[in-house]
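Take a look at the letters that make up each chain.
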Amino acid sequence: MRIDDLDEAAAGVALTVVRTTVSGNGNGASDHDGIRVNETGEGDIVSTVRYSRFDANGGDGLELDERGSGDLDLVVSNSSFDRNGFQDPEDLEDGIDLDERDDGTIWVNVTNVSVDGNAAQGLDFDEDDDGEMVAVVEKTTASGNGDSGIKIDENNDGGLSAELSNIVAVANGDDNIRVKEDNDGDLAVLVAKTVSVNSAGFGLSVEQDDDGSGTLELQWVNLSNNEDGELETEGL
C-alpha cells in the first residue's frame, strides 16, 4: 500500500495499523514496500502500528518519508518487521525506514518489536535537515540483518537523543547498533540492558562528527565477540 501527499498541502497524513498482516508485497519490482507514505508539504506524518506483521516484503517493510517541513511521528509496539528488502540486489532495503528531509523532527518510539533478517538495516532512521531526532527503542530484537541492526543518524544541524534498552542485536552484517550525529547538533545516547554480539562490525558505534557535545551512558551492556571490536566512539 502506498499513500502519497505530493501537492505540498498543509494537511498531513495519519496512518493507524492494528492487528494487520502486510506480507509478500513488492516481489515483482524494485522499491515496492509493504506500506509506504510520502508527505511533501507542511503537514506531519503521524503513524501508529500495533500487533501487526510486516514480513517478507520485497522493499522496506514500512517506509515513512517526510519531505516537507512537518514532523514525522511513529509509535510501534508488539509487531514484527522481518525478512524484508531482498527484491533488488542493487537496492537492498530495511525493516522500518524513516526519512525526514526538511526542518521537521522525527519522534519515534519502538517497543516489543522484531526487525530480524532484513536485507539492509533492521531499523533505519535518518533526519537529513535541521530538525531533531528523538528515538526510544526498547524490548526489541535486531539480528541477522545484512547491514546494521539499528541505525539512527542525524545528518544536519539538529540534535539527536536516543534511548535504547532491552535490545538483543546479534550477527548483523555491519555494526549491530550505530548512532551518529553528523553535523552541529548535540548527541545524547543511553544504552541499557542490551546484548549486542557477533556482528561483522562493532557491537556499538556512537559518533558526534562536528561541533556540539556528545554523551554516551552504558548500563549493563554486553558488547562481546564483534569483528571490529566492542565499542567505537568519536567526538564524545
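Here goes a summary of the coordinates provided.

Definitions and limits used
- Residues numbered from 1 in each chain as written.
- Predicted model: local features only at pLDDT ≥ 70, side-chain atom pairs only at ≥ 80, totals over all residues.
- Heavy atoms only, no water.
- Core = buried A, V, L, I, M, F, W, Y, C linked by side-chain atoms within 4.5 Å.
- Buried < 20%, exposed > 50% of the residue type's maximum accessible area, 1.4 Å probe, protein only.
- Helix = DSSP H or I, 4+ residues; strand = E, 2+ residues; numbered from the N terminus.
- Contact = heavy atoms within 4.5 Å.
- Phe/Tyr/Trp six-rings, centres within 6.5 Å; stacked < 30°, edge-to-face > 60°.
- Lys NZ or Arg CZ within 6 Å of the ring centre and 35° of its normal.

Structural notes on the nonpolar core
Among the nonpolar cores identified, the biggest contains 43 residues, and Leu 64, Leu 74, Phe 81, Leu 98, Phe 125, Ile 152 and Val 179 are the most heavily contacted of them. Counting residues per element, this core draws most heavily on strand S14 (residues 160–170), at 5 residues. When near neighbours in sequence (up to four residues on either side) are disregarded, Phe 125 contacts Ile 96, Leu 98, Val 108, Val 110, Met 133, Lys 151, Ile 152 and Asp 153.

Digging into the packing of aromatic side chains
Applying the stated rule across the entire model yields 1 aromatic pair. Seen in terms of ring centroids, Phe 54 and Phe 81 are 4.8 Å apart; in terms of plane orientation they differ by 20°. Their pairing is stacked. Linking Phe 54 in strand S6 (residues 53–55) with Phe 81 in the loop between strand S8 (72–80) and strand S9 (96–100), this pair joins segments that are 27 residues apart in sequence. Phe 54 sits in the buried class, given a relative accessible area of 0%. A relative accessible area of 0% places Phe 81 in the buried class. A cation over a ring is seen here: Arg 19 above Tyr 51, with NZ or CZ 4.6 Å from the ring centre.

Notes on the environment of Thr 21
Within the secondary structure, Thr 21 is located in strand S3 (residues 21–23). The spatial distance from the C-alpha of Thr 21 to the C-alpha of Arg 53 is 4.7 Å, given a sequence separation of 32 residues.

Overview of unusual backbone geometry
Within the chain, Arg 83 stands out as a residue other than glycine whose phi angle is a positive 60°. Summarising the element assignment, Arg 83 is placed in the loop between S8 and S9. The exposure class assigned to Arg 83 is partly exposed, which follows from its relative accessible area of 46%.

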